[in-house]
Amino acid sequence: MLKQKRQFHTMNNLRLPTLACWFCFALPLSAQVTPAGPPVPYASVSQLNTILGPLQQASEATQADLGKLRIEKWKVDSGSKKQALANVESIKRNLQSALPEIITQLQNSPEDLKATFKLYRNLDALYDVFGSVAESAGAFGSKDEFQSLSNDLNAIERSRRSLGERLENLTASKEAELAQLRTQVRTLQANAAPPTPKKIVVDDNEPKKPAPKKKVPKPPKPAPAPAQPTPPQQ
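Parameters and conventions
Residues numbered from 1 in each chain as written. Predicted model: local features only at pLDDT ≥ 70, side-chain atom pairs only at ≥ 80, totals over all residues. Heavy atoms only, no water. Phe/Tyr/Trp six-rings, centres within 6.5 Å; stacked < 30°, edge-to-face > 60°. Lys NZ or Arg CZ within 6 Å of the ring centre and 35° of its normal. Core = buried A, V, L, I, M, F, W, Y, C linked by side-chain atoms within 4.5 Å. Buried < 20%, exposed > 50% of the residue type's maximum accessible area, 1.4 Å probe, protein only. Helix = DSSP H or I, 4+ residues; strand = E, 2+ residues; numbered from the N terminus. Contact = heavy atoms within 4.5 Å. Expected span 1.5 Å × (residues − 1). Polar contact = N/O pair within 3.5 Å; in protein donor to acceptor, adjacent residues only side chain to side chain. Salt bridge = Lys/Arg side-chain N within 4 Å of Asp/Glu carboxyl O. Axes fitted to C-alpha atoms, helices over the stretch in contact; angles between N-to-C directions. Parallel < 35°, antiparallel > 145°, perpendicular 65-115°, else oblique. Left-handed = near helix turned anticlockwise from the far one by under 90°.

Before going further, it helps to spend a moment on the packing of aromatic side chains. A full pass over the atoms with the stated rule returns 0 aromatic pairs. Its guanidinium or amino end placed over the ring of Y127, R160 lies 5.4 Å from that ring's centre, counting from NZ or CZ.

In structure tokens form, the structure reads like this:
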């Protein structure tokens, strides 16, 4: 049975996705304040190539070894064989389509946190499914099948671990840049001249307007006296 030990502690596994996602949203905001950054340093590109090169080789070797599997001859029930075949097809699709596309995106933007995290997450998922297939090969397949898949799985794990370390370092670097940017913005805001207040001029020589006269209410008219009745004629 194949038992692989993860190299990252639980806190690091939680920290990497959280910080990476945060900077994926934060960096576009900083790009609105500052112009396009300098070109990627050669050392950073070289470091990335040392990760992607072995990963691509491991991908080619894995595809070749998966094609040599004879799952139909494994000593296991048909349901387990069917599940193993489905896992193998899923791994092949990933290695032939998804993985090359993500690698190309990262090669075009070597320090893009979003692309780096995308590749790390893909390798993490690939490792889990591939580990299941390798474990089944060790239990039900031939010794050669198990050994070849075990070597491929270890190579993918080394690339995943190296990429995780790079992602952590890039995140710390971008965090420092973002903190420096905030400091610069606060400094510019503090040094900016305050707006000129509006002046209100009071002219003491301006003649005063006469106070309005109060209207005296007129007394009400007396009501007319009632008419006297005319006496009748004798």
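On to the nonpolar core. Grouped together as the largest cluster of nonpolar side chains are 37 residues, with contacts concentrated most on L69, L119, L123 and L149. Those elements giving two or more residues to this core turn out to be α2 (42–67), α3 (78–108), α4 (113–140) and α5 (143–191). Per-element tally for this core: the top contributor is α4, with 12 residues. In contact with L123, other than residues within four places in its own chain, are L55, L99, I156, S159, R160 and L163.

Below, the discussion takes up the environment of K81. As for its position among the elements, K81 is in helix α3. Each C-alpha atom of the pair K81 and F140 lies 9.8 Å from the other, and the pair is 59 residues apart in sequence. In this structure K81 touches I71, E72, W74 and V76, once residues within four positions along its chain are discounted.

Attention now goes to α4. Think of an α-helix as 3.6 residues a turn; residues three or four steps apart then line up on the same face. The end-to-end C-alpha separation of α4 is 40 Å, in line with the 40 Å expected for 28 residues at 1.5 Å each. A distance of 3.0 Å separates the backbone nitrogen of K114 from a side-chain oxygen at the start of α4, and that oxygen is part of D112.

Considering all chains together, one arrives at 5 salt bridges under this definition. Between K174 and E111 there is a salt bridge whose closest N-O contact spans 3.6 Å. Of this pair, K174 sits in helix α5 while E111 sits in the loop between α3 and α4, and the two are 63 residues apart along the sequence. Classification of K174 by relative accessible area gives buried; the value is 12%. The exposure class assigned to E111 is partly exposed, which follows from its relative accessible area of 22%. Note that R160 and D124 form a salt bridge whose closest N and O atoms lie 3.0 Å from each other. Of this pair, R160 sits in helix α5 while D124 sits in helix α4, and the two are 36 residues apart along the sequence. Residue D124 is classed as partly exposed on the basis of its relative accessible area, which comes to 24%.

With that settled, the discussion passes to the side chain of D65. Residue position: D65 is located in helix α2. D65 has contacts with S148, L149 and D152, leaving out every residue within four places of it along the chain.

The next subject is α2. The terminal C-alpha atoms of α2 lie 38 Å apart, and with 26 residues this matches the ideal 38 Å at 1.5 Å per residue to within 8%. Of the surrounding secondary structure, the elements contacted by the buried residues of α2 are α3, α4 and α5.

So, about the environment of L119. Tracing the backbone through its elements, the reader meets L119 in helix α4. The spacing of L119 and I103 is 16 residues in sequence and 7.2 Å in space, taken between C-alpha atoms. Residues contacting L119, with those up to four places away along its chain left out, are L52, L55, L99, I102, I103, L106 and L163.

Another aspect to go through is the packing of α2 against α3. For the pair α2 and α3, the least separation of the axes is 11 Å and the interaxial angle reads 160°. The angle between the axes of α2 and α3 places the two elements in the roughly antiparallel class. Relative to α3, α2 is oriented so that their crossing is left-handed. On the side of α2, the interface is formed by L48, L52, L55, Q56, S59, T62, Q63, L66 and G67, while α3 contributes V88, I91, K92, L95, Q96, L99, I103, L106 and Q107.

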